[in-house]
Amino acid sequence: IARAGEKLRRQGFAAGIIDVFAVTNGRQGERYHYNPQTDHRFVKLPKATSYTTELMDHALPLVDQLFRAGQKYLKAGVIMGELVPDEAVQSDIFSGPIHENQRTLMEAIDNINFSMRGDVVKYVASGLKRNWKMRQDMRSGKYTTRWEELYEIK
């Protein structure tokens with residue numbers, strides 16, 4: 001959710017729907033199991049937002065509904081829907097200064113994390129340490145965006 005919120009803010013959008021899904025280990029030789037009726041939950045937000053705190057407030061109860069103890073999960077994710085431009089979201093008259101304070105906080109967190117190259121500042125709900133690693137065995141090189149991966153001809 002935190003990463004999705006960061007991407008929304010970077011691209012200037014706000015989401016009106018959060019869809020959380022989880023793919024479990026296979027049954028009887030299947031590679032994976034995903035049942036669209038039971039393995040995802042979604043919520044329509046009262047107001048489109050890109051603020052991580054608001055997104056987490058709505059997404060964490062969905063995760064609690066999906067989680068089954070003892071189940072091995074192969075993949076989990078979040079899909080943001082009903083995207084609208086961030087400046088098109090109309091706030092009410094009662095949330096003016098709070099809205100600006102949240103915007104300033106999100107910009108500060110995004111700037112710190114971008115400049116330090118990692119999740120230096122993060123929410124406790126996202127965990128203090130990452131106990132998983134993304135598999136990138138099959139990804140292609142980033143020859144046009146990373147100096148350290150630039151192809152050299154000898």
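The structure presented is a predicted model; accordingly, all values stated were derived computationally and were not measured.

Within the protein one finds three helices and five strands. Starting at the N terminus, the α and β elements of the protein follow one another as α-β-β-β-α-β-β-α. Among the 154 residues that make up the protein, the fraction classed as buried is 25%. A separation of at least 24 residues holds for 72% of the contacts in the protein among residues at least 6 apart in sequence. For the protein, the exposed area adds up to about 11,900 Å²; of that, 56% sits on carbon and sulfur atoms.

According to the stated counting rule, one finds five salt bridges in the structure shown. A salt bridge links Glu 82 to Lys 44; the shortest N-O distance between them is 2.8 Å. Here Glu 82, found in the loop between β4 (73-81) and β5 (84-85), pairs with Lys 44, found in strand β3 (residues 40-49); they are 38 residues apart in sequence, far enough to count as distant. With relative accessibility at 45%, the residue Glu 82 sits in the partly exposed group.

We now examine the packing of helix α1 (residues 2-11) against helix α2 (residues 52-66). Two elements in contact, α1 and α2, have axes separated by 9 Å at closest approach and are oriented at 140 degrees. Judged on the interaxial angle alone, α2 and α1 are oblique. α1 and α2 meet at a crossing whose hand is right-handed. The segment α1 lies against α2, with Ala 2, Gly 5, Leu 8 and Arg 9 engaging Thr 52, Leu 55 and Met 56. For the contact of α1 with α2, the residue count by class is four nonpolar, two polar and one charged.

The next point concerns the confidence of the model for the protein. For the protein, the average pLDDT comes to 80, and 77% of its residues sit at 70 or higher. Within the protein, the lowest mean pLDDT, 60, falls on strand β2 (residues 32-33), and the highest, 92, falls on β5.

With that settled, the discussion passes to the nonpolar core. Of all hydrophobic cores here, the largest spans 11 residues; its members are Ala 4, Leu 8, Ala 15, Ile 18, Val 20, Leu 45, Leu 55, Ala 59, Leu 62, Leu 66 and Met 80. The element best represented in this core is α2, accounting for four residues.

What follows deals with the side chain of Asp 86. The topology assignment puts Asp 86 in the loop between β5 and α3 (96-116). Its relative accessible area of 17% is what places Asp 86 among the buried residues. Dropping the residues within four chain positions of it, Asp 86 is found in contact with Gly 12, Phe 13, Ala 14, Ser 50 and Arg 103.

A word on a nonpolar patch on the surface. The grouping of Ile 112, Met 116, Val 120 and Val 121 at the surface amounts to a nonpolar patch, some 330 Å² of accessible area in total. You can see Ile 112 is positioned in helix α3.

Turning our attention to α2. In this model α2 runs 20 Å from its N-terminal to its C-terminal C-alpha over 15 residues, within 8% of the 21 Å that 1.5 Å per residue would give. For α2, the complete set of buried residues consists of Thr 52, Leu 55, Met 56, Ala 59, Leu 62 and Leu 66.

Structurally, Asp 19 can be placed in strand β1 (residues 13-25). For Asp 19, the side chain forms a polar contact with the side chain of His 40, separated by 2.9 Å.

Procedures and definitions
Residues numbered from 1 in each chain as written. Predicted model: local features only at pLDDT ≥ 70, side-chain atom pairs only at ≥ 80, totals over all residues. Heavy atoms only, no water. Helix = DSSP H or I, 4+ residues; strand = E, 2+ residues; numbered from the N terminus. Buried < 20%, exposed > 50% of the residue type's maximum accessible area, 1.4 Å probe, protein only. Contact = heavy atoms within 4.5 Å. Areas by Shrake-Rupley, 256 points an atom, 1.4 Å probe, with all protein chains shown as cover. Salt bridge = Lys/Arg side-chain N within 4 Å of Asp/Glu carboxyl O. Axes fitted to C-alpha atoms, helices over the stretch in contact; angles between N-to-C directions. Parallel < 35°, antiparallel > 145°, perpendicular 65-115°, else oblique. Left-handed = near helix turned anticlockwise from the far one by under 90°. Nonpolar A, V, L, I, M, F, W, Y, C, P; charged D, E, K, R; others polar. pLDDT = per-residue confidence, 0-100. Core = buried A, V, L, I, M, F, W, Y, C linked by side-chain atoms within 4.5 Å. Patch = residues over 30% accessible without salt bridge, like charges linked within 9 Å, V, L, I, M, F, W, Y side chains within 5 Å. Expected span 1.5 Å × (residues − 1). Polar contact = N/O pair within 3.5 Å; in protein donor to acceptor, adjacent residues only side chain to side chain.

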